[in-house]
Structures are given as structure tokens and as C-alpha cells.
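Breakdown of the fold
Below are the chains, spelled out letter by letter.
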Amino acid sequence: MEFSIERAALLKAVAQAQSVVERRNTIPILANVLIEAEGDSVSFRATDLDIEVVDQAPAKVVRAGSTTVNAVTFHEIVRKLPDGALVTIIGDTASARLSVEAGRSNFSLATLPREDFPVMASSEYEANFAAPAKVLRRLFDKSKFAISTEETRYYLNGVYMHVADFDGRQVLRCVATDGHRLARIDAELPENAGNMPGVIVPRKTVGELRKLLDDDDATIAVSVSETKVRFATPGITLTSKVIDGTFPDYSRVIPVGNTKRLEVDAADFAQAVDRVATVSSERSRAVKLALDEDRLVLSVNAPDSGAAEEELAVAYADEPLEIGFNAKYLLEIASQVDRENAVFLFNSAGDPTLMREGNDETAVYVVMPMRV
Amino acid sequence: MPALCRDCLTTFDAGTRCPACGRPRVLSHPELFDLSIAHMDCDAFYASVEKRDDPSLRDQPVIIGGGRRGVVSTACYIARIRGVRSAMPMFQALKLCPDAVVVKGRMSAYVEVSRQIRALMDDLTPVVEPLSLDEAFMDLSGTARLHGKPPAVMLATLLRRMETELGLSGSVGLSHNKFLAKVASDLDKPRGFSVIGLAETQDFLRNRSVRLIWGVGGHTQAALDQAGIRTFADLLRWEKPQLVARFGGMGDRLWHLARGEDRRLVQRNAPVKSISNETTFGEDTADADILDGHIWRLAENVADRAKAKGKAGRTVTLKLKRANHRILSRQASLTEPTQIADRIYRTARTLFEQVGDEGPYRLIGVGISHLAEAADADTGGDLLDPQAVKRAGAERATDAIRARFGPDAIMKGRALR
């Protein structure tokens, strides 16, 4: 194998691949990236057995071939090469070495045979559709903060992507929850997505997917089966197993009868919560919300560190209410709001509270109060 | 060289017999009156208490432990001569020593005696760090002026008072840090008193096994073996960065210990780090109902103790021992600390279901760790389990009833399984 490639293109391709590789690894081949050169492009493939990323980059291929090399070392080398360099990569099967040459730099890396590299089995996808990167970005960005890390509830360790009925039409919906808060984000259902099976996309996959979604104008090819999900741009294909479990019936969790309505500027609210939470010794400490006519008093009382109080002008016309929340949860939810005011709907101090952006019901959040 | 008679507590200048009482239990060491960090370890504590309380056992081999299936928790010195050791499976101990008297153990009695010993130690110094019921570190720095006697004399006094007032013997190690004090107390058990001075530290350690290091368990031991480190002399050949690279955080500690250095202070009331409870079954079981009952009782016991201490745990641990003695341990982190038995039980249950091993098991244990204050515990509800708050409320109500009418006044049916 021999090919030449521009350093910037190489770095981009290798960076995406190496981020999938698990740093702590007991199987040596999983630390490697599979390099395959053919035609006028080179592909870089990495896997942790649950996620596989294949990144293609144009290159001048002199001799087709393939090998595997340590992903992190290879990435580090490419990263440290000068910008604009032309990199020549030559694989020598006999000596099991890969040479990397750029200007006067010359590296020789140990390789492992490509036959040992586990390539994820291809599968039949039940649904194939195209979705704008912007839409997917909103669905996952606004829901991922609520993903649970509790391993005993492994079926919550991802975002539940599925088709749902809303207001008499079908929507593409992402839901995540950890039992303390829940995010439910809807988007218009893309063409051909109607028969998509609901899947739980694992947290790590959500993180890797995010790197494909930066370009506003890009379109992502999405394929979904009961066991796998695939996201592809022209250059990058991300395939992932989905979490083998049943996502709980979240519809029961979303309160429908909450009538006490608070409307507040989300940024002002978030800043005030952040300020009063400073005195709490732990981030998990409760912030108390005391609501009265058009007035919200936020307070924290931490016996061993101090107390704080802040008043905000709000729109509130219901009976007075005192309710406590985890400051971190409140902040995370408030920071999802970017266009309009945050609208909170309360029932009582012990019941789940609903939050949404203005009257936009395509993004709703539920948060459990805590005793104060 | 300073010397001390361990029988009449007379101090004098060298000699093999006490000039006052003429007895030979003389302790002499160049640094005897300069050292102040001590470790006291009772001799065969549980067995000694049993022998003290039942003189008919005095000349018999006594083993404290749970039934035929449990392990030896303590063996008296007569049983030890036959090869019986702590933590040895009971059947093996009885093979070595068939005539041993097996006593089930009276924890409440041991706790009481431990309290009495603690009171004696408190007379020496306010800085006592108990490690268990029968051993403790003491820092006697600066107490010489208070007592008018150097620490060594006070420690000998402690051992004598334990014998005369409580009828129990113990061994003391005196040195310049915790590591060496603990090593020293083990040097001439029972009724021992050993000193490791600053000047002799390196010589003392050089040819000894690194197994002496407290806290070196199976894993570290295997790693040390693999690195070719068997003695302290081997350890001395390593540079600090190499040790850290190889053993992580432990590496730095090993480097210092190799030089006989240990900077840990004796801490009074060392903070509790975990609360756990376990039980060994009468016979191995794979019965899901029986195991479920055990998980509940253990969870309830752990929760009761957490509530009593005002603590709550962020992590729940389930421990299982298979019939072949292999231990399985599983942990789960919670999003907030808990002291509710129901929550500990449910988490442990899920861990149990996720083990994916059919059993049978000989032991099961439940514990909580990463402790937090009770005030920070169980503050939020669970969106996906709306009943959890009600169950927690019922548990608090149950606790209140028990506090008033006794522990058997009300219990879950599950507890009877």
C-alpha cells in the first residue's frame, strides 16, 4: 500500500476515527485504525465493537492495500506535522511496518494484520431516510443532557429516537430521562421515516454523531434497524449498535393537569439560579422558588456555608407556591431555551413540573422537584 | 541504653533483669523514650473474652466463628498451634483441630469490652484511631509532660491495666509512624512489646517481604511479584517516577514505605467510608426467593445503621460468594445519596438480576459507600417510579413505629423469607 494525502484532510479523517477508540483497551487490535487505500480515496475505520466509524478522504493512491496501526499514535503524529504538508504513507506487509513521511520527518509504526480487525457486520435496515443536519442537531442537543448514567437502568443510557403521534400527525421524536428530568423533542417526520423502529441511541454514539452535524446545510442519511442505527455524510459513516432494552412509557411522566403558570426570561432566570446556587456547598443542593403575584424569589439556604436570595419580576397570576429544585437540573433545563421566554407549569411542591419554550410544544421538559 | 521493666514499670539504664523486681521482662532500646506512635492489638481478642468469661474453656482450643460453614473469625493460641488461622474455612479448621470448642461469638459482649479498652487508651492520649474492635493506633506525642512519663511507660501501663482490670492481653508496637508501629505490634505476639527506632528502620526493613505493607492485597501483591519486587531491598532499587508509572497512586506510597516513611497521621474518629453487612448461608443456595429475603434483610440492616449514623450512600454494592469461594462484586451509583432500605434493596436486586449467574452461592452481602450526610439524601422523587416516594414515606413511618414498640413491632413479609 502506498498513497499521498494532504495533511489537513488526513488529520480530519483520523481525528474522527481515533475518538471512537477506547483508551483503556484489553484487545490490542481495537486500539488500531484500519487504513484501506483503493481507487482515488483512502478510508480510515475504527471501532469499539459497539460503534464503527468509517472516514473517507481523497488521496493519490500509488499502490492499493490495507493495514492497521495504533490510532492514537497515528493521530498524534499527523496532528504534529506542519500544516500544508504532503504526507506519504507506505505499508510494508513483509516487515509489518507502516512508514509515514512528510518533508524531513519520517516515522515507522508497528502494524497488526488487517484480517484481525473486526468489521461490523452489515445489516438490513428497516428504514432509510434523509434528515437535515440542523434538525438532528436540535433533536439530540436538546435531549442529551437528560441521559442517565445509572448503569442499573441501562435502557436510560441513551436517547430514545422514535416515531410518535402528536396533534394528529406523526413526528420524529427524541426522548431522554434519568428519572429526575426528562426531555421530549419533536421534529417534522422526514420522508420515508414512518416505518422506523424506535431505538435507544447510546450516549457515546450521540457524542460521536454530534461531530457530523456541525454543517447547517448538510443532509444526513439515516438508516435504522431494530439493532443498529447508521448516520452517514458523503465522507463519514457512523454505525452503532442500539441499546438492547425497552424505553419506559414516558407519556405517563409528562404532566397534563399542571395549571400554575410562570413565565420568565430564561437567561435572567438561569443567571439568578446560578448566582444563588453559589452558596450551596454541593451543586445538588436545592434552590427554593417562592412564587407570588408576578414575583419570584429564588433562595438557597445551606446551613454550613451560607444563604442567598434573589428576586425576579415574572409573569405569575396563580395562588402562591413554594417549590424546590436541584439547581443543576434547573440550570440545564433553562439553558435549553434560546428564543422565547421559559414557561413553567406547576401543580404542587411534590409533583413533576413541566417547562417549555413559550408555547412551543415541540420541546418540553419535565423536572422532579426536591424537598427543601 | 534506656530500659523499662514491663512487670513493675520501673525505668533504668540497661540490664537483662529489673533491678527493682528482678524479673526478666525487660524492654531496652536506644530510642525507647523518644518514640510516640503506637499500635495496640489485642491477643486473640474474641477467644480471650470467651475464655475469660468461661474459665472451663481456658485450656481448650477455642475457635470463634459461625457454624460449620462459616470462616474462623478468631482462634485462641492453643488452636493456632494446631495450624488454625483467622479467615480459614471452618471445616478446614476442624480438620486440623477436631477437639476445638467452636463458639458462635457474642458481638455485643465484644463491643462492650472494646469500649472498656478504648477508655483505658483514652487515658493515655486523646488521639486514638480504632481500626476495629480490638486494635487501634495511638499518637502519644507531647504526652510525656502531661503524664510525667515517656510514652513507652504509659503503653506498658496500658497493657498491664488490660491484664489486671479486664483480664485480657494485648501487644504493642512502638515506632515513629503508623506503618512501622503496626508492623512492630505483630513482632512478638502475644503479650508483646516491640520497638522499631528511627536509626534501625532501613536495616530492619531491608530483607523483609513487602507483604508486610498494610493494604497490599492480592492484586498489588501480584503486581509487585510481576515487577520482581519481593523485599524492601528490591523496592529501594526503584525510582519514584518508575513506581508511580507502574503502580499509580500506590507507587508514591511504596517509594516512601521502602524508606520506612509514612506520613499518615493518627486520626481520631477516622471517618466511616462505607456501611455493609453480609451473611454466610447454612448451605449453598440458588433459590431466588431465599436470596431475595436475604437481600432485603441486609439492605434493611445497612439502612438502619446509616439512619443511626445520619449517613447516606451514593453507591450500592452487592457481593456474592460462589460455592467455589469466588467472589463477585457489583456496584451501582445512584443519582443522589440514599438511606432508604427500599432503594438500597431495589438497587441491589437489579444488580443481582444483572449478574447473570445462576449460583449457587454461599454468601451474600449488601453495602453502601461514597457516604454523604442524611440531609442531602433522598430529596428528589423518581419520575419513572412515582410510588418510590410513597414507599420511602411508609418506611419512615415503620421506623417510627419500631422506635416506639421495638424492632419486631412491624416488618415486611419479605423479611420472613
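Residues numbered from 1 in each chain as written. Chains lettered and ligands numbered in written order. Predicted model: local features only at pLDDT ≥ 70, side-chain atom pairs only at ≥ 80, totals over all residues. Heavy atoms only, no water.

Another point: the side chain of K321 of chain B. Residue and element names in this part refer to chain B. Positionally, K321 belongs in strand 13 (residues 311-322). Despite its burial, K321 remains without a salt bridge, the nearest opposite charge being carried by E278 at 6.4 Å. Leaving out residues up to four positions away in the same chain, K321 has contacts with R326, I327, Y361, R362 and L363. (Helix = DSSP H or I, 4+ residues; strand = E, 2+ residues; numbered from the N terminus. Buried < 20%, exposed > 50% of the residue type's maximum accessible area, 1.4 Å probe, protein only. Lys, Arg positive; Asp, Glu negative; His and termini not counted. Salt bridge = Lys/Arg side-chain N within 4 Å of Asp/Glu carboxyl O. Contact = heavy atoms within 4.5 Å.)

As a further point, take the sheet that holds strand 12 (residues 274-285) of chain B. All names here are of chain B. Strand order in the open sheet formed by four strands is 12-15-13-14, and the pairing between neighbours is antiparallel. Because the sheet does not close on itself, it has two edges, and the strands there are strand 12 and strand 14 (327-338). Across the sheet, the axes of successive neighbouring strands diverge by a mean angle of 15°, strand direction being ignored. The pairing of strand 13 with strand 14 spans eight bridges and is classified as antiparallel. In the sheet register, T315 faces strand 14, and the bridge partner there is S333. Across the sheet, helix 13 (residues 288-309) touches strand 12, strand 13 and strand 15 (361-373), and the angle it forms with strand 12 is around 155°. Across the face of the sheet, helix 14 (residues 341-355) comes into contact with strand 13, strand 14 and strand 15 while running at roughly 140° to strand 14. (Pairing = 2+ DSSP bridges. Axes fitted to C-alpha atoms, helices over the stretch in contact; angles between N-to-C directions.)

The UniProt record annotates "domain: DNA polymerase III beta sliding clamp N-terminal" (unreviewed entry) at residues 1-120 of chain A. The span residues 1-120 of chain A shows a helical share of 18% and a strand share of 48%, and its end C-alpha atoms are spaced 23 Å apart. (UniProt positions renumbered as here; feature names shortened; annotations may be inferred.)

Moving on: the domain arrangement of chain A. Domains assigned within chain A are domain 1 (2-116), domain 2 (127-252) and domain 3 (254-367). Taking only C-alpha atoms, the centre of domain 1 of chain A and the centre of domain 3 of chain A are 50 Å apart. (Domains from an automatic or database assignment.)

Turning next to the packing of aromatic side chains. To describe a pair of aromatic rings, you give the distance between the ring centres and the angle between the ring planes. Across all of its chains, the model carries 15 aromatic pairs over all chains by this definition. Measuring from ring centre to ring centre gives 4.8 Å for Y160 of chain A and F247 of chain A, while their planes differ by 15°; the resulting arrangement is stacked. Of this pair, Y160 of chain A sits in strand 11 (residues 158-166) while F247 of chain A sits in the loop between strand 17 (236-241) and strand 18 (260-264), and the two are 87 residues apart along the sequence. Assessed through its relative accessible area of 19%, Y160 of chain A is described here as buried. With a relative accessible area of 8%, F247 of chain A lands in the buried category. On the basis of an interplanar angle of 65° and a centroid distance of 6.2 Å, the ring pair of F352 of chain B and Y361 of chain B is categorised as edge-to-face. Each member of the pair F352 of chain B and Y361 of chain B is classed as buried. Three or more aromatic residues joined by ring pairs form one cluster here, namely F269, F325, F344 and F346 of chain A. When the ring centre of Y77 of chain B is taken as reference, the NZ or CZ atom of R80 of chain B above it lies at 4.5 Å. The ring of W255 of chain B carries the charged tip of K240 of chain B above its face, separated from the ring centre by 4.7 Å. (Phe/Tyr/Trp six-rings, centres within 6.5 Å; stacked < 30°, edge-to-face > 60°. Lys NZ or Arg CZ within 6 Å of the ring centre and 35° of its normal.)

The subject of this paragraph is a nonpolar patch on the surface. All names here are of chain B. A surface patch of nonpolar side chains, about 270 Å² in accessible area, is lined by I401, F405 and I410. In this fold, I410 is placed in the segment after helix 15 (387-405). The exposure class assigned to I410 is partly exposed, which follows from its relative accessible area of 32%. (Patch = residues over 30% accessible without salt bridge, like charges linked within 9 Å, V, L, I, M, F, W, Y side chains within 5 Å. Areas by Shrake-Rupley, 256 points an atom, 1.4 Å probe, with all protein chains shown as cover.)

Time to look at the interface of chain B and chain A. Counting residues at the interface gives 20 residues for chain B, matched by 22 residues for chain A. Across the interface of chain B and chain A, roughly 1,700 Å² is buried in total on both sides, 52% from carbon and sulfur atoms. Linking chain B with chain A are one salt bridge. R153 of chain A serves as the salt-bridge partner of D382 of chain B, at 3.0 Å between the closest nitrogen and oxygen. Joining chain B to chain A, the criterion identifies seven residue pairs in polar contact (both at pLDDT 80 or more). Listed by contribution, the elements that provide at least two residues to the side of chain B that touches chain A are strand 14 and helix 14 of chain B. If one sorts the elements of the side of chain B that touches chain A by residue count, strand 14 of chain B sits on top with five residues. (Buried area = accessible area lost by both parts, 1.4 Å probe. Polar contact = N/O pair within 3.5 Å; in protein donor to acceptor, adjacent residues only side chain to side chain.)

Moving on, we get to helix 13 of chain B. Residues and elements named next belong to chain B. With 22 residues, helix 13 should reach 32 Å at 1.5 Å per residue; the first-to-last C-alpha distance of 31 Å fits that figure. One side-chain oxygen of the residue at the start of helix 13 lies 2.8 Å from the amide nitrogen of D289, identifying that residue as D287. At the C-terminal side of helix 13, G310 shows a positive phi close to 70°. (Expected span 1.5 Å × (residues − 1).)

To continue, consider the UniProt feature "site: Substrate discrimination" (unreviewed entry) in chain B. All names here are of chain B. Within the UniProt annotation, "site: Substrate discrimination" (unreviewed entry) is assigned to Y46. Given the relative accessible area of 17%, Y46 is considered buried. Residues contacting Y46, with those up to four places away along its chain left out, are I64, S73, T74, M107, Y110 and L133.

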